[in-house]
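# Descriptive structure summary
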Amino acid sequence: MNLVPLPRKIEKLAGVCRPESRFARLGVAGGKESLQAVRHKLGEMGFRVRADGSLPAGLVLIGETNANCLAPPYQPEGYALLASARGVAVAGHDADGLYWGLVTLQQLLDGRRNCPSVRITDWPAFGYRAHMDDISRRQVSTLEDFKRIIRLLSCFKIKYYSPYIEDMLEIGSFPDIGIGRGRLTAREVREMVRYAKLHNVVVYPTYSLLGHQENLLSLPAYRKFAHEVFQPPSAYDVTKPGLRPYLRKVIRDVCGLFPDAPIFNGCFDEVLGPSKAQFISHANWCAAEVAKHGKRLMLYLDMFKNHYGLDEIRRLDGRIMPVEWDYEHPLEREEPYRKAGFIPWGHAAYWNWCSFLPDFACGKKNIDEWAVLQTRWGGTGFSAAQYGDH
C-alpha cells in the first residue's frame, strides 16, 4: 500500500474490499451541512452522494458495511477508515478529517475498483502544513498550473498554499502595481481560492509589508515610500506620512482577495533601513490592521535573530505569528530559542540554490530537520518554500 503520508495505524484485514455501489451515503447535521469539499472528492472518485440525516455527521458509508465500531480519533483533522468486503466507512473527527480519510481511500483504490481490506486510524502530526510558492521573480504560472499544484497539495494532505507575491498581484486601489511583470490578476486569485476550497486547501497571501519591495520602489509613483540607503531601496520608510494610508488600502484589498485565509504573511525579513523601534512599531501596526480583516500577521524572525536579539520578540503584538526560517541546519536553532523561552513556527525550503536544478537532497534534509525540531518543541508545524532564484 503506497500511502503518503503514512497513517499512524494500519491494521490489515482478511479479504479484499470491492465497493460495488456507486452511491455514497453522507451523514449530515440535520441535513443542513453541505461539506462541499467532501462531496467534490466523492464525485472525483466516481461516487454519487446521498445526504442521510439518519447517519452521524461526518460519516461516509459506501456499501453495506457496519460502522458502529468505527470511532474517529479525538484529534483535529483525524479520521478512521474501514475497508472490508462489505464496503467502506470513513468517519472524521471534523470536516477536515473526513476529507483526508477520503484522500486515503483514493490512494488505496489507486484508480481501481478494489483495495486491500484495512482499518486505518490517522491524524496529522502538525496542524500547520504549508507550501509557499515563489511567483515574484518572473515565474507566475498559468491558472491551470496553480490548480495542478493545489490538487497535488491536497493529495498529500498539505492544508495551506501561499503564493509568495512581493508586488506580483493586481491591487484594486493601485492598479499599476505589478503591471507588465506578469502579476496574478484578481480574477485568477478568486478562482484559485474557489478551486482550493473544493480540495480542502486554504490559500493565504505572502505579501511583503516592509522589505523585499525593490521592484515596486523602483517606480516613480512609489519611490516616495522608500527608505533610502546606499543601494537601490527595497524597504519602506515607516516614517513617511503617506505610508500607512497606502498600506491600509493594500492590506484591505489583499485580504479581500483571500477572504477565508486565517493568515496574512507580511514577511518583514532581510530588511535594510529601519531601526529596531521603527521595525517593531510598524509590525505591531500591521498586525492590528490585518486583525481588522479577521487574520493574523505572520512575520519572519531573522531581524531579531541577527540584529535585535531574541528577547525583543516579546515586544511584538501577541497576535503576530513569529516564524523562524532556516534552509540548512534548523536543529542548530533549538538552544537559542529554548534559552529565550520561545517556540516559533518553522519555515523550510527546497529550491535550486542558484543551480540549474533543485537540490532535492538538501531540501529533503532541511524538511526532515524541521519535522524533528517542531516535534521536540511541540510546535504547531512548518511550511516549506519553493523559491525561484530568477
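What comes next is a walk through the structure. Predicted, not measured: the structure shown is a model, and the values here were computed from it.

### Comments concerning the sheet that holds strand β14 (residues 345–349)
Strand order in this open sheet of eight strands is β10-β9-β8-β15-β14-β13-β12-β11, and the pairing throughout is parallel. Edge positions in the sheet fall to β10 (202–203) and β11 (263–265), since each has one partner strand and no second. Pairing geometry for β14 and strand β15 (residues 381–386), over four bridges, is parallel. By the bridge assignment for β15, Ala348 is matched with Ala384. Together, β8 (128–134) and β9 (160–164) form the strand contacts of helix α3 (residues 143–155), whose direction differs from that of β9 by roughly 145 degrees.

### Thoughts on the pattern of salt bridges
Scanning the entire structure with this criterion turns up 26 salt bridges. Between Arg252 and Asp253 there is a salt bridge, with the nearest N and O atoms lying 3.1 Å from each other. Looking at Asp253, the relative accessible area reads 15%, which means it is buried. Here Glu289 makes a salt bridge to Lys292, at a shortest N to O gap of 2.8 Å. The exposure class of Lys292 is exposed, given its relative accessible area of 59%.

### Things to note about unusual backbone geometry
Cis geometry marks the peptide bond from Val4 to Pro5, where omega comes out at -5 degrees. We note that His212 has phi near 55 degrees; this positive angle belongs to a residue other than glycine. Relative accessible area serves as the criterion here: at 13%, His212 is assigned to the buried category. Positive phi values are uncommon outside glycine, yet Cys267 reaches one of about 70 degrees. Along the polypeptide, Cys267 turns up in the loop between β11 and α7 (276–291). We classify Cys267 as buried; its relative accessible area is 1%.

### Focus on the sheet that holds strand β7 (residues 115–122)
The sheet built from seven strands is open, its strands ordered β1-β7-β5-β6-β4-β2-β3 with mixed pairing. Each of the sheet's edge strands pairs with one partner strand only, and the pair in question is β1 (9–17) and β3 (48–52). Sheet twist, expressed as the mean angle between neighbouring strand axes with direction ignored, is 15 degrees. Along the sheet face, helix α2 (residues 95–109) touches β2 (23–27), β4 (59–63), β5 (79–84), β6 (87–92) and β7 and points at about 35 degrees away from the line of β5.

### Quick look at helix α10 (residues 360–377)
With 18 residues, α10 should reach 26 Å at 1.5 Å per residue; the first-to-last C-alpha distance of 25 Å fits that figure. Inspection of α10 places Gly363, Asn366, Glu369, Trp370, Leu373, Gln374 and Trp377 among the buried residues, and these make up the whole buried set. Considered in projection along α10, the buried side chains sweep an arc of 130 degrees and stay on one side of the axis. The outward face of α10, more than 90 degrees from its buried face, is lined by the exposed residues Phe360, Ala361, Lys364 and Thr375. In the segment just after α10, Gly378 is the residue with positive phi, at about 70 degrees.

### Regarding a nonpolar patch on the surface
Judged by side-chain polarity, Met1, Leu6 and Ile10 come together as a nonpolar surface patch covering roughly 280 Å² of accessible area. Tracing the backbone shows Met1 in the segment before β1. Given the relative accessible area of 41%, Met1 is considered partly exposed.

### Focus: the nonpolar core
Ranked by size, the top nonpolar core spans 92 residues in total, and within it Tyr207, Tyr246 and Phe279 carry the most contacts. Top contributing element to this core by residue count: helix α6 (residues 243–257), with eight residues. Counting 29 residues, the second largest nonpolar core, distinct from the first, contains Val28, Ala37, Leu42 and Met45.

### Topic: empty space enclosed by the protein
Going through the model one piece at a time under the given rule, you end up with one cavity of 30 Å³ or more. Estimated volume of the largest cavity: approximately 40 Å³. For the largest cavity, the full set of lining residues is Leu310, Ile313, Arg314, Tyr337, Ala340 and Phe342. Its residues placed into classes, the lining of the largest cavity shows five nonpolar, no polar and one charged.

### Observations regarding the packing of aromatic side chains
For the structure on display, the rule yields 19 aromatic pairs. Their ring planes at 65 degrees and their centres at 6.2 Å tell us that Tyr160 and Tyr204 sit as a pair that is edge-to-face. A residue pair is termed long-range when its members are at least 10 positions apart, and Tyr160 in strand β9 and Tyr204 in the loop between β10 and α5 (214–217) qualify at 44 residues. Comparing Tyr160 with Tyr204, the two get one shared label, buried.

Cut-offs and rules
Residues numbered from 1 in each chain as written. Predicted model: local features only at pLDDT ≥ 70, side-chain atom pairs only at ≥ 80, totals over all residues. Heavy atoms only, no water. Pairing = 2+ DSSP bridges. Helix = DSSP H or I, 4+ residues; strand = E, 2+ residues; numbered from the N terminus. Contact = heavy atoms within 4.5 Å. Axes fitted to C-alpha atoms, helices over the stretch in contact; angles between N-to-C directions. Salt bridge = Lys/Arg side-chain N within 4 Å of Asp/Glu carboxyl O. Buried < 20%, exposed > 50% of the residue type's maximum accessible area, 1.4 Å probe, protein only. Expected span 1.5 Å × (residues − 1). Arc of directions from axis to C-beta. Patch = residues over 30% accessible without salt bridge, like charges linked within 9 Å, V, L, I, M, F, W, Y side chains within 5 Å. Areas by Shrake-Rupley, 256 points an atom, 1.4 Å probe, with all protein chains shown as cover. Core = buried A, V, L, I, M, F, W, Y, C linked by side-chain atoms within 4.5 Å. 1 Å grid on protein atoms, 1.4 Å probe; cavity = no way out; pocket = protein on both sides within 12 Å on 5 of 7 lines; lining within 4 Å. Points joined across faces, edges and corners; volume = space filled by probe spheres on them. Nonpolar A, V, L, I, M, F, W, Y, C, P; charged D, E, K, R; others polar. Phe/Tyr/Trp six-rings, centres within 6.5 Å; stacked < 30°, edge-to-face > 60°.

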